[in-house]
Number of protein chains: 2
Amino acid sequence: MEVDIQFVPFPPNLHLLSGRVVVVIDVLRATSVMVHAMSEGALEIIPVTTIEEALKMAKGLPWNSIVLGGERGSKKIPEFDLGNSPREYVAERVKGKKLILTTTNGTKAFHLVSLGKDILVGSFFNIGAIAKRCLELDRNLLIFPSGDEGNFSLEDTICGGMLIELITKKRRKPIALTDASQCAQILYKKFEENLLEAFYLSHHGKELINRGFEEDLAYCAQVDTTDIVPVFRDGVIRTDRMQRADGRRQKAKR
Amino acid sequence: MEVDIQFVPFPPNLHLLSGRVVVVIDVLRATSVMVHAMSEGALEIIPVTTIEEALKMAKGLPWNSIVLGGERGSKKIPEFDLGNSPREYVAERVKGKKLILTTTNGTKAFHLVSLGKDILVGSFFNIGAIAKRCLELDRNLLIFPSGDEGNFSLEDTICGGMLIELITKKRRKPIALTDASQCAQILYKKFEENLLEAFYLSHHGKELINRGFEEDLAYCAQVDTTDIVPVFRDGVIRTDRMQRADGRRQKAKR
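Engineer: Just give me the short version of the overall build of chain A, but keep the residues and values in it.
Structural biologist: Scanning chain A from terminus to terminus reveals 12 helices and 11 strands. Scaling as 2.2 N^0.38, a compact globule of 254 residues should have a C-alpha radius of gyration of about 18 Å, and chain A matches this with 17 Å. In terms of principal-axis extent, the alpha carbons of chain A reach across some 55 × 50 × 30 Å. Evaluated residue by residue, chain A yields a buried proportion of 58% over its 254 residues. The long-range share in chain A, meaning contacts at least 24 apart out of those at least 6 apart in sequence, stands at 77%. Total accessible area computed for chain A in this model is approximately 10900 Å², and 50% of it derives from carbon and sulfur atoms. Averaged over its 35 positive side-chain charges, chain A has a centre that lies 8 Å from the centre of its 33 negative ones.

Pasting the structure below:
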């Protein structure tokens, strides 16, 4: 099992994706929103890259079945229902709903890695469950931090490093770590006792504070609040539990 | 003064290069070779990307004025004079000579950043002198690790992290560190007391050991053996001392 992490969110080489488990991470805040929304009962999430795409998709669906969410410049998009703070995505707003989401970094990342075999949605909220799933799948792994407008992101890499630490601690067979994976693991160990400190040091953390979202930093630094594992497949994010049920239904139909 | 480091050796954005000091690093082993050769009296170094280009260039020059050096797969190129081990580049072989060099990662990196304002050649051998020069130039800095066949390189990033550490320690005015710079600095601090350990952990370090170049690891981990600062300009690397003399001669001619 090789564990790699790609530090900069450009399209990965196909050989890096093919057959791999991919974990997309955008701690501040897109994948934190996704995990939170699914844990609060959202039916599915459709990550789209543009506002226009989100609005067009929403038009074709019954208004009470969907929630439009996302940000530009960290702020809620005027016509949208919700912004990009996980604290907004509570059961009262999202339970049973289809969520259409567009953000600056996170939602784009899914389309960059869409050729991966299993594409999981990771954040500190579900990092233990993600590690468990990666160990069960037992295949080569590519961790994909969404980055900060195309640049390296401290907080995403630390979250990736925590995933590497959990996997290397729990796996009995040897794991091949790339130079980048070793670096991410070292970075995580540095902030292990105080993840929030890293959020305050990071460029995007500072930006969120300046834009009035300081509370989101502590909120997104919570570890293992849920064991949900959202999976991106064919353009849609669903929880694995639901996808397994779907699989069973499809088998039953045949 | 902003200090950034680009973790993966793709062509940088022009706005990242424009007006910046760029420090290219390929500790194992191209920039170590360059710094070593210059400190042993090589006249100038021409980094070229292909073997054919090197041979063609050599043909047009008096045979006793040049040295052909470089590697493919870490090994000396058959028709060449020297390989890619800094230990080979001693005064007896290189003093007063023009060195034509082609390597897998390092020589290519110079062409990727050729639009930078001042392009310096960094390694552990001259890291103190490089830090001093960056402080004198006092402009935004881009550290450019040459990477490991397109991937993140542990040893180059640690060398970049040491440069960041030296600069932040010595500069009195504040320095803006990007997320990547903070990460490199943390990585350096982890291995500060034992740089060689990092070389043994790195992918390329292991590769060099397998190919019979283990001695080069300890050799390239030597810190501050010279205060030479090679500069890449118009396709040629010269020591700054010589370039300053050139500048004076050109002024005198006018």
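On we go.
Engineer: Give me the lowdown on the packing of aromatic side chains, citing residues and values where you can.
Structural biologist: Residues and elements named next belong to chain A. For the structure on display, the rule yields 12 aromatic pairs over all chains. Pairing Phe110 with Phe232 gives two aromatic rings, centres 5.2 Å apart and planes at 45°, and the pair type is tilted. Here Phe110 is found in helix α5 (residues 106-112), whereas its partner Phe232 is found in strand β10 (residues 230-233), with 122 residues between them in sequence. Look at Phe124 and Phe199: their rings are 6.0 Å apart centre to centre, the planes differ by 40°, and that puts the pair in the tilted class. Of this pair, Phe124 sits in the loop between β7 (118-122) and α6 (127-137) while Phe199 sits in helix α9 (residues 195-201), placing them 75 residues apart in sequence. Using a relative accessible area of 1% as the deciding quantity, one classes Phe199 as buried. Note that Arg29 overlies the ring of Phe213, its terminal NZ or CZ placed 4.5 Å from the centroid.

Engineer: Tell me what's going on with the interface of chain A and chain B, and back it up with residues and numbers.
Structural biologist: Contact residues are listed per partner, giving 18 residues for chain A and 18 residues for chain B. When chain A packs against chain B, close to 1500 Å² is buried across both sides, 72% of that on carbon and sulfur atoms. Considering only the surface of chain A that becomes buried against chain B, Phe152, Asp179 and Ile186 of chain A emerge as the three largest contributors, covering 38% of it. The tally of links between chain A and chain B comes to zero salt bridges. Here chain A is connected to chain B by six residue pairs in polar contact (both at pLDDT 80 or more). At the level of elements, α7 (154-170) and α8 (179-191) of chain A are the ones that each hand at least two residues to the side of chain A that touches chain B.

Engineer: Got a sec to walk through unusual backbone geometry? Specific residues and values, please.
Structural biologist: Trans is the common state for peptide bonds, and a negative phi is the common state for residues other than glycine. The residue after Leu28 of chain A, namely Arg29 of chain A, is reached through a cis peptide bond having omega 10°. With respect to the helices and strands, the residue Arg29 of chain A is situated in the loop between β2 (21-25) and α2 (30-39). Positioned with a positive phi, Glu149 of chain A is a non-glycine residue whose angle comes to about 50°. Residue position: Glu149 of chain A is located in the loop between β8 (141-145) and α7. At Asp224 of chain B, a position not held by glycine, the phi torsion is positive, near 55°. Overall, Asp224 of chain B belongs to the partly exposed group, its relative accessible area being 43%.

Engineer: Now, about the environment of Leu142 of chain B: what can you tell me, with residues and values included?
Structural biologist: All names here are of chain B. Within the secondary structure layout, Leu142 lies in strand β8 (residues 141-145). Here Leu142 falls in the buried class, since its relative accessible area comes to 0%. Along the primary structure Leu142 and Leu16 are separated by 126 residues, whereas in three dimensions their C-alpha atoms are 7.4 Å apart. Setting aside chain neighbours within four positions, we find Leu142 in contact with Asp4, Ile5, Gln6, Pro12, Leu16, Leu17, Arg20, Val21, Val22 and Val23.

How each quantity is defined
- Residues numbered from 1 in each chain as written.
- Chains lettered and ligands numbered in written order.
- Predicted model: local features only at pLDDT ≥ 70, side-chain atom pairs only at ≥ 80, totals over all residues.
- Heavy atoms only, no water.
- Helix = DSSP H or I, 4+ residues; strand = E, 2+ residues; numbered from the N terminus.
- Rg over C-alpha atoms; globule rule 2.2 N^0.38 Å.
- Buried < 20%, exposed > 50% of the residue type's maximum accessible area, 1.4 Å probe, protein only.
- Contact = heavy atoms within 4.5 Å.
- Areas by Shrake-Rupley, 256 points an atom, 1.4 Å probe, with all protein chains shown as cover.
- Lys, Arg positive; Asp, Glu negative; His and termini not counted.
- Charge placed at Lys NZ, Arg CZ, Asp CG, Glu CD.
- Phe/Tyr/Trp six-rings, centres within 6.5 Å; stacked < 30°, edge-to-face > 60°.
- Lys NZ or Arg CZ within 6 Å of the ring centre and 35° of its normal.
- Buried area = accessible area lost by both parts, 1.4 Å probe.
- Salt bridge = Lys/Arg side-chain N within 4 Å of Asp/Glu carboxyl O.
- Polar contact = N/O pair within 3.5 Å; in protein donor to acceptor, adjacent residues only side chain to side chain.

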